[in-house]
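Below, each chain spelled out in residue letters.
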There are 2 protein chains.
Amino acid sequence: MSAYQNLHSAFRKIAYYQHCLTILEWDQEVMMPGGGAEERANAIAEMSALEHSAMNQPEIQTWLDVCAEADLTADEAANVREMRRAWQNSNLMPEELVREQAVANALCQQQWTTLRPQNDWAGFSTSFTRVVELAREQARIRQQALNTPTPYDAMLGLYSCGDSASLIDETFAQLKAILPEMINTVCERQNKTTRVNVRGEFPVAQQQQLSHNIAATLGFDFNAGRLDISAHPFSTGNPGDQRITTRYRTDDFLDALFGTVHETGHASYEAGLPKAWRGQPLGLARNMSIHESQSLFFEKHIGTTDAFCALLAKQVQTLFSADVSLSADELKQAVCWVEPGLIRVSADELSYPLHIIVRHEIESALINGDMEVSDIPDAWNQKMQQYLGLNTQGNNKDGCMQDVHWPSGAFGYFPSYTLGAVNAAQLRAAMETKIGDLNALIAANEIAQITQWLHDNIWQWGSRLESQELMQRATGKPTNAAALITHFERQYGL
Amino acid sequence: MSAYQNLHSAFRKIAYYQHCLTILEWDQEVMMPGGGAEERANAIAEMSALEHSAMNQPEIQTWLDVCAEADLTADEAANVREMRRAWQNSNLMPEELVREQAVANALCQQQWTTLRPQNDWAGFSTSFTRVVELAREQARIRQQALNTPTPYDAMLGLYSCGDSASLIDETFAQLKAILPEMINTVCERQNKTTRVNVRGEFPVAQQQQLSHNIAATLGFDFNAGRLDISAHPFSTGNPGDQRITTRYRTDDFLDALFGTVHETGHASYEAGLPKAWRGQPLGLARNMSIHESQSLFFEKHIGTTDAFCALLAKQVQTLFSADVSLSADELKQAVCWVEPGLIRVSADELSYPLHIIVRHEIESALINGDMEVSDIPDAWNQKMQQYLGLNTQGNNKDGCMQDVHWPSGAFGYFPSYTLGAVNAAQLRAAMETKIGDLNALIAANEIAQITQWLHDNIWQWGSRLESQELMQRATGKPTNAAALITHFERQYGL
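Since this is a predicted model, take the numbers as computed values, not measurements.

**Describing the interface of chain B and chain A**
Note on interface size: it is often stated as the accessible area lost on association of the parts.
Here is step 1: Facing the 35 residues of chain B at the interface are 35 residues of chain A.
Here is step 2: For the pairing of chain B and chain A, the buried interface totals around 2800 Å² over both sides, and the portion due to carbon and sulfur atoms is 58%.
Here is step 3: Of all residues in chain B, the largest losses of buried area upon contact with chain A belong to Tyr16(B), Glu39(B) and Glu46(B), amounting jointly to 22% of the total for that side.
Here is step 4: In this assembly, chain B and chain A are joined by 8 salt bridges.
Here is step 5: Close ionic contact of Asp27(A) with Arg243(B) constitutes a salt bridge, the shortest N to O distance being 2.8 Å.
Here is step 6: Inspection of the region where chain B meets chain A yields 14 residue pairs in polar contact (both at pLDDT 80 or more).
Here is step 7: Going through the elements one at a time, α1 (3-30), α2 (37-55), β1 (225-229) and β3 (241-246) of chain B are the ones with two or more residues in the side of chain B that touches chain A.
Here is step 8: Tallying contributions element by element places α1(B) first for the side of chain B that touches chain A, with 10 residues.
Here is step 9: Taken together, the residues of the side of chain B that touches chain A sort by class into 15 nonpolar, 9 polar and 11 charged.

**Things to note about the domain arrangement of chain A**
Residue and element names in this part refer to chain A.
Here is step 1: Along its sequence, chain A is organised into domain 1 (3-156) and domain 2 (162-494).
Here is step 2: Each of domain 1 and domain 2 has a C-alpha centre, and the two are 26 Å apart.
Here is step 3: Taken together, the 46 residues of domain 1 in the interface contact 55 residues of domain 2.
Here is step 4: For the pair domain 1 and domain 2, the summed buried area comes to about 4200 Å², and 60% of that belongs to carbon and sulfur atoms.
Here is step 5: Taken together, domain 1 and domain 2 are joined by 6 salt bridges.
Here is step 6: Between Glu466 and Arg85 there is a salt bridge, and its shortest N-O distance comes to 3.0 Å.
Here is step 7: Our enumeration of links across domain 1 and domain 2 arrives at 22 residue pairs in polar contact (both at pLDDT 80 or more).
Here is step 8: Among the secondary structure elements, those contributing two or more residues to the side of domain 1 that touches domain 2 are α1 (3-30), α4 (74-91), α5 (95-115), α6 (121-146) and α7 (151-156).

**A few points about the side chain of Asn238(A)**
Here is step 1: Within the fold, Asn238(A) resides in strand β2 (residues 235-238).
Here is step 2: Excluding residues that lie within four positions of it along the chain, Asn238(A) makes contacts with His19(A), Thr22(A), Ile23(A) and Arg40(B).

**Details of the sheet that holds β3(B)**
All names here are of chain B.
Here is step 1: Pairing in this open sheet of 3 strands is mixed, and the strands run β1-β3-β2 from one edge to the other. Looking at which strands have only one partner, the edges of the open sheet turn out to be β1 and β2 (235-238). Strand-to-strand twist of the sheet, defined as the mean angle between neighbouring strand axes without regard to direction, takes the value 20 degrees.
Here is step 2: Both β2 and β3 contribute to a ladder of 4 bridges, which runs antiparallel. Across the sheet, residue Thr236 finds its bridge partner in β3, namely Arg243.
Here is step 3: Contacting β1, β2 and β3, α1 runs over the sheet at an angle of about 140 degrees to β2.

**With respect to the sheet that holds strand β3 (residues 241-246) of chain A**
Residue and element names in this part refer to chain A.
Here is step 1: Read from one edge to the other, the open sheet built from 3 strands follows the order β1-β3-β2, with strand pairing classed as mixed. Strands with a single pairing partner mark the edges of an open sheet, and in this sheet they are β1 (225-229) and β2. Taking each pair of neighbouring strands and ignoring which way they run, the sheet shows an average axis angle of 20 degrees.
Here is step 2: Sitting on the sheet, α1 touches β1, β2 and β3, and the angle it makes with β2 is about 140 degrees.

**Re the environment of Arg140(A)**
All names here are of chain A.
Here is step 1: With respect to the helices and strands, the residue Arg140 is situated in helix α6.
Here is step 2: Owing to a relative accessible area of 38%, Arg140 belongs among the partly exposed residues under this scheme.
Here is step 3: Note: C-alpha distance between Arg140 and Ile367 (227 residues apart in sequence) is 9.0 Å.

**Considering the environment of Pro117(A)**
Here is step 1: Inspection of the secondary structure assignment puts Pro117(A) in the loop between α5 and α6.
Here is step 2: Spatially, the C-alpha atoms of Pro117(A) and Ile376(A) are 18 Å apart, while their sequence positions differ by 259 residues.

**Notes on the UniProt feature "active site" (unreviewed entry) in chain A**
Residue and element names in this part refer to chain A.
Here is step 1: UniProt records the feature "active site" (unreviewed entry) at Glu263, using the numbering of this structure.
Here is step 2: Topologically, Glu263 is positioned in helix α10 (residues 254-271).
Here is step 3: On the basis of relative accessibility, which here comes to 7%, the residue Glu263 falls in the buried class.
Here is step 4: Apart from the residues within four sequence positions on either side, Glu263 is in contact with Pro233, Phe234, Ser235, Ile244 and Thr245.

**Quick look at the UniProt feature "binding site: Zn(2+)" (unreviewed entry) in chain A**
Residues and elements named next belong to chain A.
Here is step 1: Mapped onto the present numbering, the UniProt feature "binding site: Zn(2+)" (unreviewed entry) falls on His262, His266 and Glu292. Spanning 31 residues, the annotated positions come together in the fold, the maximum distance between their C-alpha atoms being 8.9 Å.
Here is step 2: Its location among the elements puts His266 in helix α10.
Here is step 3: For His266, a relative accessible area of 9% corresponds to the buried category.
Here is step 4: Excluding residues within four positions of it along the chain, His266 makes contact with Ser235, His291, Glu292 and Ser295.
Here is step 5: Assignment of secondary structure puts Glu292 in helix α11 (residues 288-301).
Here is step 6: Judged by relative accessible area, Glu292 falls into the buried class, the value being 8%.
Here is step 7: The residues touching Glu292, leaving out its near neighbours within four places in the chain, are His262, His266, Ser416, Tyr417 and Gly420.

**Side note on the packing of aromatic side chains**
Here is step 1: All told, the structure shown has 30 aromatic pairs over all chains when counted by the stated rule.
Here is step 2: Ring plane angle 50 degrees and centroid distance 5.8 Å describe the contact between Trp121(B) and Phe124(B), whose orientation is recorded as tilted. Here Phe124(B) and Trp121(B) lie together in helix α6 (residues 121-146), a separation of 3 residues that amounts to about one turn.
Here is step 3: For Trp121(B), a relative accessible area of 14% puts it in the buried group.
Here is step 4: An aromatic cluster is present here, built from Trp121(A), Phe124(A), Phe128(A), Tyr159(A), Tyr352(A), Trp380(A), Trp406(A), Phe411(A), Tyr413(A), Phe414(A) and Tyr417(A) joined pairwise through their rings.
Here is step 5: For the cation-ring pair, Arg12(A) lies above Tyr16(A), with the distance from its terminal atom to the ring centre recorded as 3.8 Å.

**Concerning the relation of the copies chain B and chain A**
Here is step 1: Between chain B and chain A, the superposition needs a rotation of 180 degrees and an axial shift of 0.1 Å, giving an RMSD of 0.0 Å. Taken together, the rotation and translation describe the operation of a two-fold axis. No C-alpha of chain B approaches the rotation axis more nearly than that of Cys20(B), which lies at 3.3 Å.

**Focus on the packing of α1(B) against helix α4 (residues 74-91) of chain B**
Residues and elements named next belong to chain B.
Here is step 1: Between α1 and α4, the shortest axis-to-axis distance is 11 Å and the interhelical angle comes to 55 degrees. Overall, the two elements α1 and α4 adopt an arrangement that is oblique. In the crossing of α1 with α4, the sense of the turn from one axis to the other is left-handed. Contacts between α1 and α4 involve Tyr4, Leu7, His8 and Phe11 from the first element and Glu76, Asn79, Val80, Met83 and Ala86 from the second.
Here is step 2: Taken together, the residues of the contact of α1 with α4 sort by class into 6 nonpolar, 2 polar and 1 charged.

**Comments concerning the pattern of salt bridges**
Note that side chains of opposite charge can pair when their charged atoms are close.
Here is step 1: Applying the stated criterion across every chain, the model contains 66 salt bridges over all chains.
Here is step 2: Glu39(B) is paired through a salt bridge with Arg12(A); the nearest N and O atoms lie 3.0 Å apart. Pair noted here: Glu39(B) is in helix α2 and Arg12(A) is in helix α1, and the two residues belong to different chains. Here Glu39(B) matches Arg12(A) in class, with each residue buried.

Conventions used here
- Residues numbered from 1 in each chain as written.
- Chains lettered and ligands numbered in written order.
- Predicted model: local features only at pLDDT ≥ 70, side-chain atom pairs only at ≥ 80, totals over all residues.
- Heavy atoms only, no water.
- Contact = heavy atoms within 4.5 Å.
- Buried area = accessible area lost by both parts, 1.4 Å probe.
- Salt bridge = Lys/Arg side-chain N within 4 Å of Asp/Glu carboxyl O.
- Polar contact = N/O pair within 3.5 Å; in protein donor to acceptor, adjacent residues only side chain to side chain.
- Helix = DSSP H or I, 4+ residues; strand = E, 2+ residues; numbered from the N terminus.
- Nonpolar A, V, L, I, M, F, W, Y, C, P; charged D, E, K, R; others polar.
- Domains from an automatic or database assignment.
- Pairing = 2+ DSSP bridges.
- Axes fitted to C-alpha atoms, helices over the stretch in contact; angles between N-to-C directions.
- Buried < 20%, exposed > 50% of the residue type's maximum accessible area, 1.4 Å probe, protein only.
- UniProt positions renumbered as here; feature names shortened; annotations may be inferred.
- Phe/Tyr/Trp six-rings, centres within 6.5 Å; stacked < 30°, edge-to-face > 60°.
- Lys NZ or Arg CZ within 6 Å of the ring centre and 35° of its normal.
- Least-squares fit on C-alpha atoms with pLDDT ≥ 70 in both.
- Parallel < 35°, antiparallel > 145°, perpendicular 65-115°, else oblique.
- Left-handed = near helix turned anticlockwise from the far one by under 90°.

Spelled out as structure tokens, the structure:
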């Protein structure tokens, strides 16, 4: 076998190990009774170790080096590029550091679950300081090996490879410059209107039917996927078998429904990846920023059109009791309502980027060594004041301690949420110049045209192109905040 | 590390691979959408190969040989005995034969699904002949290595290790001598009574609630297990996480319910295995004959007592619509109704052993080379005539082609069903001498005393004892049909 064939078969095997891990983890979140937790944790650890050792067998490096000189097709060369990337991410770090991080991050995350509700920053910061120290070491090693401009850039590569810190800084600067003012304007205008009450009593069974119907309308194939319930909505799966989840509260149906719409976007991307490259790195989704652009395209673009709200109003009327009557306009008001708050995960579309910018500014300074853990609460409060006019002094629970990302060591993940929002708006603008107005397409029952465009321009490419090549090809330019700002202006009549 | 410690850790790792396979297969039967089939089949094949190669690493044999001379505790020595058994089962066969069998059995099983409904014995027998040839070769190799009296004995060891063909022959001879006459007597008596109609309209949701309640009453712990739906009822799981399934038809609730009762017996055994030996061969269930004794103890002993039927009648009254009213006596009549038929899986308690004896006599002759594939249909018909008075001439669909076991190469499995029935009755008799009448215990709400006895005498032993040692210890004698015959006499007032 050639070096390329050897790599092909080694990565195919690794993908089967990942298949197992995907199902073990999905089952753990969705199906497993509590009694199975201990054995499952051990089985997952064993499979992760197996995957790690398959990726780190010494031959991989040899084969990669041979392939660098080999006569490969462009697709094969791109596959090798992605293999090398995956191999580096797994291989760069000394085993000792990997183990130390696993322990420190697990401990900190575990303490976080009890210390956050107690608002105990002092207690938390002890174990968190260790997490940051180790992450800085990780970033330093990665920076050195990958030659990135900053340590933080090296961390970004784990989630949004191809999107640099400078691209993020520029994009976020554009948003920071206009969003606070925009939010004020929208809130002032909202003050003059009556907010519709969308709360009520919505039985879970009917909500499940609603989520099922809407996912199917958006193209989710229930012969190649499932929709279940979990504590937090997520999307996972294997080729031909996408698994999405949502959660239901009986006083509000929009929360679960838009969770489903969001996850359907993720699942559609996965389902549309190139079949010929199943089990190879080239066949995987590009990165988190592109992934989030697909979920947000579904949630914030398709999901907020007049036509989608009309379709939803009809379903609501059919499924829930006769005294629930919400018009398309009322639903649209509810899903587009702007109201700055302390918590990121419940933030509206206009506030959300500012929550991310707070985190990005703090974590990049932290990883680059320009800020210390003890500075975080004040920095958080000062930025929240400045961008969203909200005070978090003494309230770290709903401030810098609110997210699981940092205690679990995931520095560099946050920007992908807002890069995703930026990419989604930019893709919509490009799509509309090609196939027409999104709202009109949905009104004409042509959602398949929309998903076909996403398939042709994003999904089918897998990891063939770098993220900015993919955006350039699909939209004519790299990631840029202009389209998102235009979208906000249009959405809120500014 | 000592050789024993090396083995301990190698088998612990193999058990984690089996954990993955268990969940991949459960998910495939219960949760997976059709689109996932291809990748799942490949992932299962990859994990099976991994398990096989872990079991067949050359060091295992070396460690086993060292342990044969080592100073081990009695438990450790028994664990090594079971390790050697598992290693032999995996290792005895040449890889080429394993592969050939996998292909031939899969092909024959696949053809069987279409040729059985068409009653096409001629078409079926071509690929089935190859299955038998390879099974004979397998039996010959196993016989030689394991020094068993016959090739068929060597096959029995795969399912009911410790139970010899001669033990089975003796046991079955006892049953064959009395069952045909017994069935006639019972049927004649039944002819003079009115058969109660237990059919009706039973919505699935209520049946699920009934199955859930009854499983819980029998001690199934829903914090350490699940009850789901699948095409055929089965029981699987991992430590702390038992997964049972049943299937519902809306015109009959007894089918699904007794499926649940049966699987609850299997699951209770698994849940009661010794925790200290999790992940080690000693911690596994003894063999299929003991396993089936637990499911049949629940189904045929607990499940047919007056007290259980009374408890069931109460549940039925609460859960189903007011016009379903069945007394305990009526339910008991339905679950104990005797009516010989062609199909094993729907056979009553008295006919069932005869169905097994037909299969055992044919498959033992087949594997030992005393019968050819072309002889099967006539042999089947002749035996069904003789034992059950039923004709299968020209109806191979409901005769020798009815089971999946043979086309999938599982020769030697059938006896465990009836050995299980024999063991169950023998355990009940021993239990009743110790803790009193089963019916009285259930009536007194003391099911926990029954399961505690099973735990102490069967479950907690795992594979510490050989099957006949286990039966001897629990009941004072090896497996013997006397107690089952006494049970039948008592159950049917003979």
